[in-house]
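Survey of secondary and tertiary structure
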Amino acid sequence: MAIINIKTEITGNIWKIEAKPGQRLAEGDTIMILESMKMEIPVSATEDGVLVEILAEEGATVTEGTVVARIEA
Amino acid sequence: MKKLLVANRGEIARRVFRSARDLGIATVAVHSEADAAAAHVADADEAVAIGHAPARESYLDVAKVLDAALRTGADAVHPGYGFLSENADFAEAVQAAGLTWVGPAPDSIRAMGDKQRARALAEAAGVPIVPGSGRILSGVIDGVETAGMAVGYPLLVKAAAGGGGIGMKRVDDPAKLLETVAATQSMAAKAFGDGSVFLERFVPKARHIEIQVFGFGEAGAIHLYERDCSLQRRFQKVIEESPAHGLPEAVRARMTAAAVALCRHTAYEGAGTVEFIVDAASFEFFFLEMNTRIQVEHPVTEMVTGQDLVSLQLRFASGALHSLPQSEIGNQGHAIECRLYAENPAKHFMPSPGTLSVFTLPGQTPGLRIDSGYRQGDAVTPFYDPMIAKLIAHGATRDEARTKAARALRDLAVEGLQTNRAFLIACLENNRFAAGDVYTSFIDDHKNALLAAATEETKA
């Protein structure tokens, strides 16, 4: 059991959070969608696991590399 | 026209202010919270804060923009491109408030904004259109396969209310058609509030060539030649040029005549662009859409024709200009525009917001024009599009323009965020590009070579 930090790849605004804590995720499943410069960029699970927590709110601005969610894999 | 509000930001707001100043018109900027210290705000005579950073709470808010115009006593509104520029309700609201709308009639915007209606108008004006289906309403699947066969493969599934490449999917295999239509319908319903789609034939090796037009309503219309905008990534333009390399004169004549016919048919008013998809091998051309506003790449046309398109817009809207003979529009030499984006070409052109810690432009040279939305020290925020500046080079020949553009990009310094500067140089100096072999999937097809050349450029 390990806790995996899910980080954003780019600076942007959190447009929509799609997954809920406790939810089982497969690698590649979308956790939330960032909006940056008119583009929507999904933040996805990097491994199979259970979503432990979401560390950001819809509408918030996050910089590249921010931990926005944790997965227990 | 005494005082003009520009309902936009960045380089286009600054560009419109320049022509307004030349005509002795006072200028009003609007800005979001994120743009309080932006270059376009500093350029204007007055500026009004209109809301929070997200565009829908500021630049897209019709009531706030209109209120800013009324409070400052502006008597005209120029929408620029993007944002509210093709919003017929906004145009109507501006006119209803007794202000001058610098753009075509709201009904023209509405008609051209609906791709199906635009196609029907083009067809009625005798403009060739791409083989396509009728409107397929949200949730409807019956008859789609038959329509697909009639259109022919490969084809594109397009959202009727979409634009700028958004809501567009290619289908090569007839077996994949139904699922793609269903997915596009649901995406379009969410994104645009209208789940209608249509099918359209896809031309595998295509060029995107558009005609700049200017309509004078019942007094006719003229064209200002073509722009080749084939170099694109993610369906968005990167490099544009005029004239289109190798376009036979007879085809150019037919394309410009078709664009003017469409304007006359609709009694179009003001600047507009008729976009065509052109088969790179046969030069067959088909109507794509008409943009009822000034375009990002309008400087290419200004460089070859010597006309100031924004000035024409302002003079026509204010009633100072009623028509212009076609014979007054000449074209000379070749112009190339490069769009400098805050993005990372090596990472699928992902946006790269940040602060321009270094941003210095090349020295002034004849035939070189730079329209920038930012200054050194400015922040390029994630809220708006990634374009930092446009660099336009004009020369006697295509090679001269190409060389001048590459040199200027090398003399330009930009740090603090990722940009496509080196990638643009790689495109300009690519052998196939130099030979004029441009088509819409050029960047995709030559991606590895272009990225490798860009990496070398960065090291040098």
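Below is a short write-up of the structure. Not measured: the values here are computed from a predicted model.

Focus: the overall build of chain A
Looking only at helices and strands, one finds zero helices and eight strands in chain A. What you see in chain A, going N to C, is helices and strands ordered as β-β-β-β-β-β-β-β. Rg of the C-alpha trace for chain A: 11 Å, near the compact-globule value of 11 Å for 73 residues, within the 12% margin. Projected onto the principal axes, the alpha-carbon positions of chain A cover approximately 35 × 20 × 20 Å. Counting over 73 residues, chain A shows a buried share of 29%. Long-range contacts, defined as pairs at least 24 residues apart, comprise 57% of the intrachain contacts of chain A with a sequence gap of at least 6.

Let's talk about the packing of helix α7 (residues 144-151) of chain B against helix α8 (residues 177-192) of chain B
All names here are of chain B. Running from N to C, α7 and α8 cross one another at 105°; their axes reach a closest spacing of 10 Å. In terms of axis orientation, α7 runs roughly perpendicular to α8. Touching V144, E145 and G148 of α7 are L177, L178 and V181, all from α8. When its residues are assigned to classes, the contact of α7 with α8 shows four nonpolar, one polar and one charged.

With respect to helix α12 (residues 398-411) of chain B
An ideal rise of 1.5 Å per residue puts 20 Å on 14 residues; α12 of chain B measures up with 20 Å between its terminal C-alpha atoms. Elements in contact with the buried residues of α12 of chain B: β14 (334-341), β19 (368-372), β21 (387-395), α13 (421-429) and α14 (431-434) of chain B.

Some thoughts on the sheet that holds β19 of chain B
All names here are of chain B. Spatial ordering of the open sheet is given by β13-β12-β9-β10-β11-β14-β21-β19, a layout of eight strands whose pairing is antiparallel. With partners counted over all chains shown, the strands left at the sheet margins are β13 (285-291) and β19, one partner each. Taking the axes of each pair of neighbouring strands and ignoring which way they run, one obtains an average angle of 25° across the sheet. Of the pairings in the sheet, the one linking β14 to β21 comprises eight bridges and is antiparallel in character. When the bridges of β21 are listed, Y341 appears paired with M387.

Notes on the environment of C338 of chain B
You can see C338 of chain B is positioned in strand β14. Sequence separation of C338 of chain B and R234 of chain B is 104 residues, and the distance between their C-alpha atoms is 16 Å.

Describing the sheet that holds strand β1 (residues 3-7) of chain A
All names here are of chain A. Strand order in this open sheet of four strands is β1-β8-β6-β3, and the pairing throughout is antiparallel. Edge positions in the sheet fall to β1 and β3 (24-25), since each has one partner strand and no second. Where β3 lies against strand β6 (residues 49-54), two bridges are found, and the strand directions are antiparallel. Of the residues in β6, the one forming a bridge with L25 is G49.

What to know about the nonpolar core
All names here are of chain B. In this structure, L5, V77, F276 and A405 are the most contacted members of the largest nonpolar core, which totals 124 residues. A domain split of this core shows at least three residues from each of domain 1 (3-102) and domain 3 (206-459). In this view, A405 contacts I336, C338, L391, A393 and L428; residues no more than four positions away in its chain are not counted.

Comments concerning unusual backbone geometry
Put simply, Y153 of chain B and P154 of chain B share a cis peptide bond, and its omega is -5°. With respect to the element layout, P154 of chain B can be found in the loop between α7 and β6 (155-163). P243 of chain B follows S242 of chain B through a cis peptide bond whose omega is -5°. Here P243 of chain B lies in the loop between β11 (236-242) and α9 (249-265). The residue K38 of chain A is not glycine, and still its phi comes out positive at about 70°.

Cut-off values and rules
- Residues numbered from 1 in each chain as written.
- Chains lettered and ligands numbered in written order.
- Predicted model: local features only at pLDDT ≥ 70, side-chain atom pairs only at ≥ 80, totals over all residues.
- Helix = DSSP H or I, 4+ residues; strand = E, 2+ residues; numbered from the N terminus.
- Rg over C-alpha atoms; globule rule 2.2 N^0.38 Å.
- Buried ≥ 20, exposed ≤ 12 C-beta atoms within 10 Å, placed from the backbone.
- Contact = placed C-beta atoms within 7 Å.
- Axes fitted to C-alpha atoms, helices over the stretch in contact; angles between N-to-C directions.
- Parallel < 35°, antiparallel > 145°, perpendicular 65-115°, else oblique.
- Nonpolar A, V, L, I, M, F, W, Y, C, P; charged D, E, K, R; others polar.
- Expected span 1.5 Å × (residues − 1).
- Pairing = 2+ DSSP bridges.
- Core = buried A, V, L, I, M, F, W, Y, C linked by C-beta atoms within 7 Å.
- Domains from an automatic or database assignment.

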